[in-house]
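# Observations on the three-dimensional arrangement
Next come the chains, spelled out residue by residue.
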Number of protein chains: 2
Amino acid sequence: MELVGYYRSSAAYRVRIALNLKGLEAQHSFRHLRRGEQRAANYLRLNPQGLVPALLLENGHSLIQSLAIIEYLDETHPNPPLLPADPVTRARVRAFALAIACEIHAVQNLKVLARLKSMGHSQEEANRWAHDTIAEGLAACEALAESGPFCFGPAPSLADLCLVPQLYNARRFGVALEAMPRLLAAEAACLALPAFAEAAPERQPDAE
Amino acid sequence: MELVGYYRSSAAYRVRIALNLKGLEAQHSFRHLRRGEQRAANYLRLNPQGLVPALLLENGHSLIQSLAIIEYLDETHPNPPLLPADPVTRARVRAFALAIACEIHAVQNLKVLARLKSMGHSQEEANRWAHDTIAEGLAACEALAESGPFCFGPAPSLADLCLVPQLYNARRFGVALEAMPRLLAAEAACLALPAFAEAAPERQPDAE
């Protein structure tokens with residue numbers, strides 16, 4: 001397998017954690033998002049969205065969209081599970097993950113901030129947009145998280161895989177996190193695990 | 001079950017289709033998004049995100065996030081399936097759905113357009129943002145769709161449940177769809193089915 005990512009992409013970071021938790025080896029290659037390498041023709045053939053990550057499988061298939069990739073890894077390598085067994089709890093974990101992936105990350109990613117700047121907004125205004133989107137979205141996630149130490153109980157799940165990269169982004173944009181004790185406790189539980197710690201942006205070969 | 005929705009919410013529309021395809025009865029209640037009813041305290045207890053839909057189960061649980069709700073319905077009522085059996089194809093269907101839910105709908109929904117207007121943009125500028133986000137996102141989806149008549153083969157899937165509401169939105173914002181023949185063919189196959197036709201916004205009791 002080869003994971004095409006970028007050290008600071010939240011979505012690639014989620015998949016790195018999943019690979020580590022599952023104990024799966026993958027080659028890592030990188031597309032530098034700020035240089036636009038994700039829009040090169042040879043990458044658009046793998047991912048017409050022009051986004052990272054993409055997971056290239058041994059059989060020649062390429063998978064995109066981090067949550068779809070993680071569900072694939074969970075279905076094909078079930079241990080340790082990244083979703084609980086009970087359908088209602090699975091739905092709650094997925095909802096938490098989607099609350100981050102859709103309503104926070106997709107609204108504050110580099111592409112959206114670039115669109116704001118193309119409309120005449122300053123970098124400061126774009127940063128404020130990201131800050132406000134993250135702060136509002138994480139406040140809802142604080143209410144969605146359940147009993148600890150992780151977001152949904154005693155083991156890390158898809159929810160935690162989304163939370164940790166989003167908190168990394170939150171700090172980049174100066175979001176105050178004091179009012180989110182459940183999220184911070186889940187993050188601390190995660191970062192004590194090598195699978196999370198080794199997936200951190202600053203530990204990737206393309207980190208600047 | 002009770003589905004809390006809004007006739008013109010893409011996300012609620014997806015869940016209506018899923019319920020219809022599964023032959024499941026649900027009561028329908030409505031939160032008028034333009035009047036802000038989704039931010040009332042008694043609704044925020046059900047969904048701290050202040051978004052529709054929410055699915056209230058007989059056992060007292062409430063589920064949020066349309067894709068999580070649909071996966072729940074598919075797991076608890078497996079026929080007809082909304083995801084294929086093969087893990088790679090499941091991942092492709094989910095990726096298509098997420099490409100719409102995250103990178104299109106979440107970036108052009110009412111909440112984001114309201115944020116743009118709060119920054120001083122006109123309604124026309126907000127509409128242009130929605131138009132461009134939808135046009136760019138659907139162009140990627142056109143490349144992601146596979147053999148027809150539906151987005152991924154002979155039966156409707158989670159991908160189609162996301163596509164049809166997004167094309168409805170695309171027309172609202174005047175997006176040109178001629179260059180998307182695969183998406184239009186999948187939509188036509190869907191709208192020939194009562195499960196899709198009866199879920200249309202204009203057929204809901206709260207339609208204006």
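Predicted model only: the values in this text are computed from it and were never measured.

### As for the domain arrangement of chain A
Residue and element names in this part refer to chain A. Each domain of chain A was delimited in the assignment, giving domain 1 (2–80) and domain 2 (87–195). For domain 1 and domain 2, the distance between their C-alpha centroids amounts to 19 Å. Contacts between the two partners involve 16 residues from domain 1 and, on the opposite side, 19 residues from domain 2. Roughly 1700 Å² of surface becomes buried between domain 1 and domain 2 when both sides are summed, with 65% attributable to carbon and sulfur atoms. In this structure, the connection of domain 1 to domain 2 is made through 1 salt bridge. We note a salt bridge from E71 to R94, for which the minimum N-O separation is 2.7 Å.

### Description of the interface of chain B and chain A
The interface is formed by 44 residues belonging to chain B together with 44 residues belonging to chain A. Interface area lost by chain B to chain A is led by E103(B), R115(B) and W129(B), which between them contribute 15%. Linking chain B with chain A are 10 salt bridges. R90(B) is the partner of E75(A) in a salt bridge, and the nearest nitrogen-oxygen pair spans 2.9 Å. Seen at the junction of chain B and chain A, the total is 15 residue pairs in polar contact (both at pLDDT 80 or more). Secondary structure elements with two or more residues in the side of chain B that touches chain A: β4 (62–64), α3 (66–76), α4 (87–108), α5 (110–118) and α6 (123–144) of chain B. Of the residues forming the side of chain B that touches chain A, the biggest block, 14 residues, is contributed by α4(B).

Conventions and cut-offs
- Residues numbered from 1 in each chain as written.
- Chains lettered and ligands numbered in written order.
- Predicted model: local features only at pLDDT ≥ 70, side-chain atom pairs only at ≥ 80, totals over all residues.
- Heavy atoms only, no water.
- Domains from an automatic or database assignment.
- Contact = heavy atoms within 4.5 Å.
- Buried area = accessible area lost by both parts, 1.4 Å probe.
- Salt bridge = Lys/Arg side-chain N within 4 Å of Asp/Glu carboxyl O.
- Polar contact = N/O pair within 3.5 Å; in protein donor to acceptor, adjacent residues only side chain to side chain.
- Helix = DSSP H or I, 4+ residues; strand = E, 2+ residues; numbered from the N terminus.

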